[in-house]
Amino acid sequence: MKNPILVTGGTGRLGRALVPQLLSAGHPVRVLSRRPATAPDTQGFRGDLLTGEGLDEAVAGASVIVHCATGNGRSDIKATRNLLHAALRGGRPHLLYVSIVGVDRVGLSYYRAKLACERLVADSGLPWTVQRTTQFHELIVWMCTSQRWLPAIVMPGGVSFQPVDTGEVAVRLAALAGAPPAGRAPDMGGPEVRRAADLARAYLRSRGARRPVLPVPMPGVAMRAYRAGEHLAPEHADGRITFDQFLAA
Ligand SMILES: NC(=O)c1ccc[n+]([C@@H]2O[C@H](COP(=O)([O-])OP(=O)(O)OC[C@H]3O[C@@H](n4cnc5c(N)ncnc54)[C@H](OP(=O)(O)O)[C@@H]3O)[C@@H](O)[C@H]2O)c1
């Protein structure tokens, strides 16, 4: 019997795709959540990364932790620190952290927090792996749906994205979770780099909707880094599922 793998954020977008991959590889899977467990065939652990509640129980006996949880902000640093402390008190498992391509090059506060988490993981004394990926297809869809009440969709001018499928990221993570710690793993990106406005038009077409898409130049250092493609990984276009295929599915 393999040792259990704990997935933080196992109820989130990526975590929900990862759990079945780990189960089909034969791993017992634990899911940490602030809510009661629902995922079939897994062991649910109620816990909160920010308060530390439930972490010691969730970590005890786990051989690997895949840390997917995020509060989408600076709270991720505290959450990651609490998780690392619990892991160090427990059996010193392999810590696999999911991060974002360009966290060291794009000056967004969320990216700075992710970079700080990467450094905490690398300096923790635990065996570790960090996997950075480009944006998920769902994020591009969210950028469009969050503007559904506006007469047009505004996208950042001069910016491209390389969206990747969460299912394919999950396959990559499951392989890393079953392998020895790799340190900083090669980045993973989606199959195509496309202008943000072009992606929004593809989204509208797929929904049979007709609205203008406005590429608008946006100010600031983070946007300059986006325009320079610092969040892209064209040399690691490993994903196969395109944005159009994702939309069609
Ligand atoms: N979205 C993207 O385009 C993208 C791109 C590259 C990398 N990533 C990274 O991929 C990872 C997963 O992203 P996602 O989009 O799948 O996230 P998500 O759907 O927003 O899910 C967030 C998860 O975090 C958990 N969580 C949040 N605060 C928590 C807390 N205090 N204690 C315990 N659990 C907590 C939530 O669990 P409960 O609500 O059940 O407690 C939920 O399962 C993140 O690290 C993100 O930075 C995302």
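Residues numbered from 1 in each chain as written. Predicted model: local features only at pLDDT ≥ 70, side-chain atom pairs only at ≥ 80, totals over all residues. Heavy atoms only, no water.

A. A look at the pattern of salt bridges. Tallying each qualifying case throughout the model produces ten salt bridges. Between Asp-238 and Arg-172 there is a salt bridge, with the nearest N and O atoms lying 2.8 Å from each other. Taken together, the residues span a long stretch of sequence, with Asp-238 in the loop between helix H8 (221–227) and helix H9 (243–248) and Arg-172 in helix H6 (residues 166–177) at a distance of 66 residues. Accessibility expressed as a relative area gives 32% for Asp-238, which makes it partly exposed. A single network of salt bridges, built from pairs that share partners, joins Asp-104, Arg-105, Glu-118, Arg-132 and Glu-230. (Salt bridge = Lys/Arg side-chain N within 4 Å of Asp/Glu carboxyl O. Helix = DSSP H or I, 4+ residues; strand = E, 2+ residues; numbered from the N terminus. Buried < 20%, exposed > 50% of the residue type's maximum accessible area, 1.4 Å probe, protein only.)

B. The packing of aromatic side chains, seen in detail. If you walk through the whole model with that rule in mind, you get three aromatic pairs. Centroid distance Tyr-111 to Tyr-226: 6.3 Å. Interplanar angle 70°. Geometry classified as edge-to-face. One end of the pair, Tyr-111, is in helix H4 (residues 109–122); the other, Tyr-226, is in helix H8, with 115 residues separating them in the sequence. Pair check on accessibility: Tyr-111 and Tyr-226 agree, each one buried. (Phe/Tyr/Trp six-rings, centres within 6.5 Å; stacked < 30°, edge-to-face > 60°.)

C. Up close: the packing of helix H5 (residues 137–145) against helix H7 (residues 196–206). Relative orientation of the contacting elements H5 and H7 amounts to 80°, with a least axis distance of 10 Å. Between H5 and H7, the angle falls in the class roughly perpendicular. Residue-level contacts link Ile-140, Val-141, Cys-144 and Thr-145 of H5 to Leu-199, Ala-200 and Tyr-203 of H7. Of the residues belonging to the contact of H5 with H7, the class tally is six nonpolar, one polar and no charged. (Axes fitted to C-alpha atoms, helices over the stretch in contact; angles between N-to-C directions. Parallel < 35°, antiparallel > 145°, perpendicular 65-115°, else oblique. Contact = heavy atoms within 4.5 Å. Nonpolar A, V, L, I, M, F, W, Y, C, P; charged D, E, K, R; others polar.)

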